[in-house]
Amino acid sequence: MKKLLATLAVAASFTLAAYSADAQTYPERTITVVVPFAAGGPTDTVTRLVAEAMSKDLGQQIVVENVGGAGGTLGAGRVASADPDGYTLLLHHIGMSTSATLYRKLAYDTLNAFEYVGLVTEVPMTIVARKDLEPADLKSLVEYAKANKDTVTVANAGIGAASHLCGMLFMSAIDTPLVTVPYKGTGPAMTDLLGGQVDIMCDQTTNTTKQILGGTIKAYAVTTPKRLDVLPDVPTTDEGGLPGMQVAIWHGLYAPKGTPTEITERLSKSLQVALKDPNVVARFAELGTTPSPEADATPAALKAKLESEITRWQPIIEAAGQYAD
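Scope of this entry: the structure provided in the associated data block. (Residues numbered from 1 in each chain as written. Predicted model: local features only at pLDDT ≥ 70, side-chain atom pairs only at ≥ 80, totals over all residues. Heavy atoms only, no water.)

Observations regarding the overall build of the chain
The condition that has to hold: The numbering of helices and of strands both runs from the N terminus, where a helix is a DSSP run of H or I of at least 4 residues and a strand a run of E of at least 2. In this setup the radius of gyration rests on C-alpha atoms only. A globule is expected at 2.2 Å times the number of residues raised to 0.38. Partly exposed describes any residue whose relative accessible area lies between the buried limit of under 20% and the exposed limit of over 50%, with all areas from a 1.4 Å probe on protein chains only and scaled to the type maximum. By definition, residues are in contact when any of their heavy atoms lie within 4.5 Å. Per-residue and other accessible areas were derived by the Shrake-Rupley procedure at a 1.4 Å probe size, with only the shown protein chains allowed to occlude residues.
When you go through the chain residue by residue, the secondary structure sums to 12 helices and 9 strands. For 325 residues, the compact-globule formula gives about 20 Å, and the C-alpha radius of gyration of the chain, at 21 Å, lands near that figure. Oriented by its inertia axes, the alpha-carbon framework of the chain measures out at about 75 × 45 × 30 Å. When the 325 residues of the chain are sorted by exposure, 52% land in the buried category. Of the contacts made within the chain by residues no fewer than 6 positions apart, 78% connect residues no fewer than 24 positions apart. Surface exposure of the chain reaches about 14100 Å², of which carbon and sulfur atoms provide 54%.

Considering the packing of helix H2 (residues 42-58) against helix H10 (residues 261-274)
For any two helices packed against each other, the geometry is given by the interaxial angle and the distance between the axes. Rules: An axis is simply a line fitted to the C-alpha atoms; with a helix, the fit covers only the stretch in contact. Between two such axes, the angle follows the N-to-C directions and lies from 0 to 180 degrees. Handedness of a crossing is defined here by the sense of rotation of the near helix relative to the far one, left-handed for an anticlockwise turn of less than a right angle and right-handed for a clockwise turn. Three classes are used, and their members are as follows: Ala, Val, Leu, Ile, Met, Phe, Trp, Tyr, Cys and Pro are nonpolar, Asp, Glu, Lys and Arg are charged, and the others, Gly among them, are polar.
H10 packs onto H2 with a crossing angle of 115 degrees between their chain directions and a minimal axis gap of 8 Å. Relative to H10, H2 is oriented so that their crossing is right-handed. Each of Val-50, Ala-53, Met-54, Asp-57 and Leu-58 in H2 lies in contact with H10, whose residues at this interface are Arg-266, Leu-267, Ser-270, Leu-271, Val-273 and Ala-274. The class makeup of the residues in the contact of H2 with H10 is 8 nonpolar, 1 polar and 2 charged.

Some thoughts on the state of the cysteines
The bond known as a disulfide is covalent and runs between the sulfur atoms of two cysteines. Defined as follows: The disulfide definition used here is simple: a pair of cysteine sulfur atoms within 2.5 Å.
Under the definition given, this model contains 1 disulfide. Paired by a disulfide, Cys-166 and Cys-202 hold their sulfur atoms 1.8 Å apart. Residue Cys-166 is found in helix H6 (residues 162-173), and its partner Cys-202 is found in strand S7 (residues 200-204); the two are separated by 36 residues along the sequence. The exposure classification of Cys-166 matches that of Cys-202, with both residues buried.

Let's talk about the packing of aromatic side chains
Keep this limit in mind: Aromatic pairs are defined between Phe, Tyr and Trp rings, using the six-membered ring for Trp, whenever the two ring centres lie within 6.5 Å; interplanar angles under 30 degrees are classed as stacked, those over 60 as edge-to-face, and all others as tilted. Placement of a positive charge over a ring is assigned whenever Lys NZ or Arg CZ falls within 6 Å of the ring centre and within 35 degrees of the normal to the ring plane.
Going through the model one piece at a time under the given rule, you end up with 4 aromatic pairs. By the ring-pair criterion, three or more aromatic residues cluster together here, those being Tyr-108, Phe-114, Tyr-116 and Tyr-254. Above the plane of the ring of Tyr-87 lies Arg-29, whose end atom (NZ or CZ) is 3.8 Å from the centre. The lysine or arginine in question, Arg-104, covers the ring of Tyr-323, its NZ or CZ lying 4.0 Å from the ring centre.

Examining the pattern of salt bridges
Our working rule: Within this document, salt bridges are pairs made up of a side-chain nitrogen of Lys or Arg and a carboxyl oxygen of Asp or Glu, the two lying within 4 Å of each other.
All chains considered together, the criterion is met by 12 salt bridges. Among the salt bridges present, the one from Lys-276 reaches Glu-294, with a minimum N-O distance of 2.5 Å. Here Glu-294 lies in the loop between helix H11 (278-286) and helix H12 (299-320) and Lys-276 lies in the loop between H10 and H11, a separation of 18 residues in the sequence. Taking the relative accessible area as the measure of exposure, Lys-276 reaches 55% and is therefore exposed. By relative accessible area, which is 41% here, Glu-294 ends up partly exposed.

Considering H11
What counts here: Pairing of N or O atoms within 3.5 Å defines a polar contact, subject to two protein rules: one partner must be a possible hydrogen donor and the other a possible acceptor, and residues neighboring in sequence count only if both atoms are side-chain atoms.
Between the side-chain oxygen of the N-cap and the backbone nitrogen of Asn-279 there are 2.9 Å, and the N-cap of H11 in question is Asp-277. Where H11 terminates, the next one or two residues include Gly-288, which has phi positive at roughly 85 degrees.

So, the layout of surface pockets
Put simply, the rule is: Computed over the protein atoms alone on a 1 Å grid, cavities are sets of points where a 1.4 Å probe fits but cannot get out and pockets are open sets with protein on both sides within 12 Å along at least five of seven lines; a residue lines them when it has an atom within 4 Å of a point. Grid points are joined across faces, edges and corners, and a volume is the space filled by probe spheres set on the points.
In this structure, the largest pocket encloses a volume near 380 Å³. Along the wall of the largest pocket there are 32 residues; nearest its centre are Phe-37, Ala-38, Ala-157, Gly-185 and Thr-186. Going through the elements one at a time, H2, H6, helix H7 (186-195) and S7 are the ones with two or more residues in the lining of the largest pocket. The class makeup of the residues in the lining of the largest pocket is 13 nonpolar, 16 polar and 3 charged. Elements represented by at least two residues in the lining of the second largest pocket include exactly H6 and H12. A per-class count over the lining of the second largest pocket returns 7 nonpolar, 4 polar and 1 charged.

Some remarks on the pairing of strand S5 (residues 153-156)
Each regular strand shows side chains that alternate between the opposite faces of the sheet. Our working rule: Note on pairing: DSSP must find at least two bridges between two strands before they are called paired.
Going residue by residue along S5, you find Thr-153 and Ala-155 tucked away on one face and Val-154 and Asn-156 tucked away on the opposite face as well. Examined bridge by bridge, S5 and strand S6 (residues 179-182) share 4 bridges and lie parallel to one another. Bridge assignment links Val-154 to a residue of S6, and that residue is Thr-180. For S5 and S7, the ladder comprises 2 bridges, and the chain directions are parallel. Across the sheet, residue Ala-155 finds its bridge partner in S7, namely Met-201.

Description of the side chain of Asp-85
If you trace the backbone, Asp-85 turns up in the loop between helix H3 (73-80) and strand S3 (88-92). Of the residues examined, Asp-85 reaches a relative accessible area of 14% and is grouped as buried. A polar contact is formed between the side chain of Asp-85 and the backbone nitrogen of Tyr-87, at a distance of 3.0 Å.

Spelled out as structure tokens, the structure:
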């Protein structure tokens, strides 16, 4: 037994030494960032902008791999089990925190299966509807929803998606359950909203701003304390009569547990550089959001955010009784 333990200890020391040596020259090859949702969605859009800017700073290509399904948990699980060498990363949104309660049998421990790199952005949400829905403002929409709760439909991109969480928060805020219609991704949900097959959706500005400005959907509110520069005519939920219904879909960058500190720190510094890139700043502004400040693009800030958000969402999900398993 002692000989076996000694052999294992030697093997472990060689492994640590190898990772330490790799950390000094990192990165030496292409990096993959897993997006746990379909291509073309809000998180995918954010990731591709940041990945391009980080590639320039790191001197290596960063490719985006979409691993959708199960509310983002399939992609997260893939990264959790990847080699902790800094070449497989995860960019996930608020669903990282809610999945800890929504999924009672996760294949990984949300808080302990990853190393933290930093926060990327917090994207505001919008309450939108098909363009011919009768109510003219948010107050009227709430009254309409309450009076027609058995027929009003709320689209979302699937359990655990940002639109699902925001829709659940909206129903909680108006104290009225509505008919939810889950889709396999944001694209199909928006397509049916545009076509008038569903009534309401609550989703990120990265997915709704273009449609709002184009007049193809009706906007009732933004879930921010102040109006957005990109949507100056859209009132806040506070202005519309839903005080306290404020939510932003934050995004964070993660690495597998055991990734050397030197690598996560290098990635964090690169993320900070990317978030100041003029193209990233400009494109984020067009999408109704802003990059996280440097103080938030750090491992400590992301870890603290994830812990606090798990605590925030757990009672909301448990009260709704909506689980994914």
